[in-house]
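# Analysis of the macromolecular model
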Amino acid sequence: MSTPLVLTYVGFFVMAAITLGGALMAVSARNLIRAALGLIIALIGIAGIYFVLEAEFVAVVQILVYVGAISILILFAVMLTRGLMKRDLPAQNAQWIAAAFISLAMFAALLYVALSTNWRAVETQVAGDLIPKLGTELMTTYLLPFEAVSLLLLAALVGAIVIARE
Amino acid sequence: MIPLPFYLTLAAALFCIGLYGALARRNAIAILMGIELMLNAVNINLIAFWRYVKPAAPTMDLAGQIFALFVITLAAAEAAIGIALIIAIYRSRDTVNVEEVDLMKW
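Residues numbered from 1 in each chain as written. Chains lettered and ligands numbered in written order. Predicted model: local features only at pLDDT ≥ 70, side-chain atom pairs only at ≥ 80, totals over all residues. Heavy atoms only, no water.

### Considering the overall build of chain B
Along the backbone of chain B there are three helices and zero strands. Reading chain B from its N end, one meets helices and strands in the order α-α-α. Against the compact-globule benchmark of 13 Å for 106 residues, chain B has a radius of gyration of 18 Å, which places it well outside the compact range. The buried share of chain B, reckoned over its 106 residues, is 58%. For chain B, the share of sequence-separated contacts (at least 6 apart) that also reach a separation of at least 24 residues comes to 60%. (Helix = DSSP H or I, 4+ residues; strand = E, 2+ residues; numbered from the N terminus. Rg over C-alpha atoms; globule rule 2.2 N^0.38 Å. Buried < 20%, exposed > 50% of the residue type's maximum accessible area, 1.4 Å probe, protein only. Contact = heavy atoms within 4.5 Å.)

Put into structure tokens, the structure is as follows:
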């Protein structure tokens with residue numbers, strides 16, 4: 001790894017700020033198009049986090065699948081179901097205070113576990129180009145889950161068409 | 001290298017923001033967005049553990065990345081089915097507000 005440590009820190013904090021800012025926008029914006037835009041920003045920030053972690057392939061897949069496909073799907077759904085949210089209705093439901101409390105309690109619990117556990121983390125080097133190895137692993141060790149996931153995608157494709165058909 | 005808890009804290013924050021979105025929003029599509037954020041938080045954890053924690057068996061040293069790839073695939077399937085359901089509900093009930101979709105509520 002030849003990246004200086006300071007640069008890694010800067011990259012991490014910039015990407016973390018983009019991710020959390022986008023996520024907050026996604027859950028708080030009243031306008032759904034704006035919420036979807038916040039979601040896209042958050043997903044790009046997460047791809048940046050993967051780059052900081054030197055998982056380049058997952059980062060590119062994240063941009064292709066999430067930013068490229070899922071966000072477009074969500075934008076389409078927003079536009080297809082437009083104007084049905086009554087204007088005077090708040091975006092949050094009546095239980096939002098309880099939801100915020102539960103989320104904060106969950107955050108406190110996760111933070112406690114993350115900071116108090118000894119993770120036995122080691123400083124490892126990423127050994128060269130991992131993408132050929134990733135492909136080999138998918139076709140050998142993880143062949144059965146790989147095929148199961150292909151079948152699931154096919155079922156989801158057919159199911160989505162059947163459910164959404166007029 | 002950046003300490004591992006930095007990534008875990010970021011993932012925890014993202015997960016809880018997503019949880020809040022899934023619990024507090026009225027619009028079904030916004031709830032779906034919250035669920036996507038939660039899935040992404042889990043993926044950050046998977047990749048961070050792949051980078052920082054050595055597995056016991058050397059054949060498993062890419063497991064974190066491959067798990068993350070499977071989670072991304074499942075999230076895509078989940079989003080497609082979820083949006084198809086929302087559009088079907090919108091067609092029959094003329095709403096995507098989850099509080100008005102209460103046909104099966106006792």
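Next comes the rest of the description.
### Let's talk about empty space enclosed by the protein
Counted by the stated rule, this structure contains one cavity of 30 Å³ or more. By volume, the largest cavity is sized at about 60 Å³. In terms of residue class, the lining of the largest cavity is made up of seven nonpolar, one polar and two charged. (1 Å grid on protein atoms, 1.4 Å probe; cavity = no way out; pocket = protein on both sides within 12 Å on 5 of 7 lines; lining within 4 Å. Points joined across faces, edges and corners; volume = space filled by probe spheres on them. Nonpolar A, V, L, I, M, F, W, Y, C, P; charged D, E, K, R; others polar.)

### A closer look at the domain arrangement of chain A
Partitioning chain A into structural domains gives domain 1 (1-85) and domain 2 (129-166). Using C-alpha coordinates to define each centre, domain 1 of chain A is positioned 23 Å away from domain 2 of chain A. (Domains from an automatic or database assignment.)

### Some remarks on the packing of aromatic side chains
The geometry of an aromatic ring pair is captured by the separation of the ring centres together with the interplanar angle, meaning the angle of the planes. Applying the stated criterion across every chain, the model contains eight aromatic pairs over all chains. Seen from their ring centres, Phe12 of chain A and Phe13 of chain A are 5.3 Å apart, and the 75 degrees between their planes marks the pair as edge-to-face. Of the residues examined, Phe12 of chain A reaches a relative accessible area of 3% and is grouped as buried. Members of the aromatic cluster, each reached through a chain of ring pairs, are Tyr9, Phe12 and Phe13 of chain A together with Phe6, Tyr7 and Tyr52 of chain B. (Phe/Tyr/Trp six-rings, centres within 6.5 Å; stacked < 30°, edge-to-face > 60°.)

### Description of the interface of chain B and chain A
Taken together, the contact between chain B and chain A spans 72 residues of the former and 89 residues of the latter. Of the roughly 7,400 Å² buried at the junction of chain B and chain A (both faces included), carbon and sulfur atoms supply 76%. Connecting chain B to chain A are two salt bridges. Across the pair Asp61 of chain B and Lys133 of chain A runs a salt bridge, and its minimum N-O distance is 2.9 Å. Where chain B meets chain A, there are ten residue pairs in polar contact (both at pLDDT 80 or more). Ranked by residues supplied to the side of chain B that touches chain A, first place goes to helix α3 (residues 63-93) of chain B with 22 residues. A per-class count over the side of chain B that touches chain A returns 53 nonpolar, nine polar and ten charged. (Buried area = accessible area lost by both parts, 1.4 Å probe. Salt bridge = Lys/Arg side-chain N within 4 Å of Asp/Glu carboxyl O. Polar contact = N/O pair within 3.5 Å; in protein donor to acceptor, adjacent residues only side chain to side chain.)

### Examining the layout of surface pockets
In this structure, the second largest pocket spans a volume of roughly 310 Å³. If you trace the second largest pocket, you find 17 residues lining it, with Val65 and Leu153 of chain A together with Ile72, Thr73 and Ala76 of chain B closest to the centre. Of all the elements, α3 of chain B adds the most residues to the lining of the second largest pocket, at seven residues. Across the lining of the second largest pocket, the residue classes break down as 15 nonpolar, two polar and no charged. Two domains share the lining of the second largest pocket, each providing at least three of its residues, namely domain 1 (1-85) and domain 2 (129-166) of chain A.

### Description of α3 of chain B
The terminal C-alpha atoms of α3 of chain B lie 44 Å apart, and with 31 residues this matches the ideal 45 Å at 1.5 Å per residue to within 8%. Looking one or two residues past α3 of chain B, Asp94 of chain B carries a phi angle of roughly 65 degrees, positive in sign. (Expected span 1.5 Å × (residues − 1).)

### Observations regarding the packing of helix α2 (residues 28-52) of chain B against α3 of chain B
Residue and element names in this part refer to chain B. At a closest axis distance of 9 Å, the pairing of α2 and α3 adopts a crossing angle of 175 degrees. As far as their axial angle goes, α3 and α2 are roughly antiparallel. Of the residues in α3, those in contact with Ala28, Ile29, Leu32, Ile35, Glu36, Leu39, Asn43, Leu46, Ile47 and Trp50 of α2 are Gly64, Gln65, Phe67, Ala68, Val71, Ile72, Ala75, Glu78, Ala79, Gly82, Ile83 and Ile86. Looking at the contact of α2 with α3 residue by residue, the classes come out as 16 nonpolar, four polar and two charged. (Axes fitted to C-alpha atoms, helices over the stretch in contact; angles between N-to-C directions. Parallel < 35°, antiparallel > 145°, perpendicular 65-115°, else oblique.)

### So, the pattern of salt bridges
Pairing is possible between side chains of opposite charge, provided their charged atoms come close. Tallying each qualifying case throughout the model produces four salt bridges over all chains. Between Arg51 of chain B and Glu54 of chain A there is a salt bridge, and its shortest N-O distance comes to 2.7 Å. A residue pair is termed interchain when its members come from two chains, as with Arg51 of chain B in helix α2 and Glu54 of chain A in the loop between α2 (32-52) and α3 (56-80). Glu54 of chain A carries the same exposure label as Arg51 of chain B, and that label is buried.

### A short note on the packing of α2 of chain A against α2 of chain B
When two helices pack together, their arrangement is given by the angle between the helix axes and the distance between those axes. Contact geometry of α2 of chain A with α2 of chain B gives a least axis separation of 11 Å together with a crossing angle of 5 degrees. In terms of orientation, α2 of chain A and α2 of chain B fall into the roughly parallel class. Where α2 of chain A abuts α2 of chain B, its residues Leu32, Ala35, Ala36, Leu39, Ala42, Leu43, Ile46, Ile49 and Tyr50 of chain A lie against Ile29, Ala30, Met33, Leu37, Asn40, Asn43, Ile44 and Ile47 of chain B.

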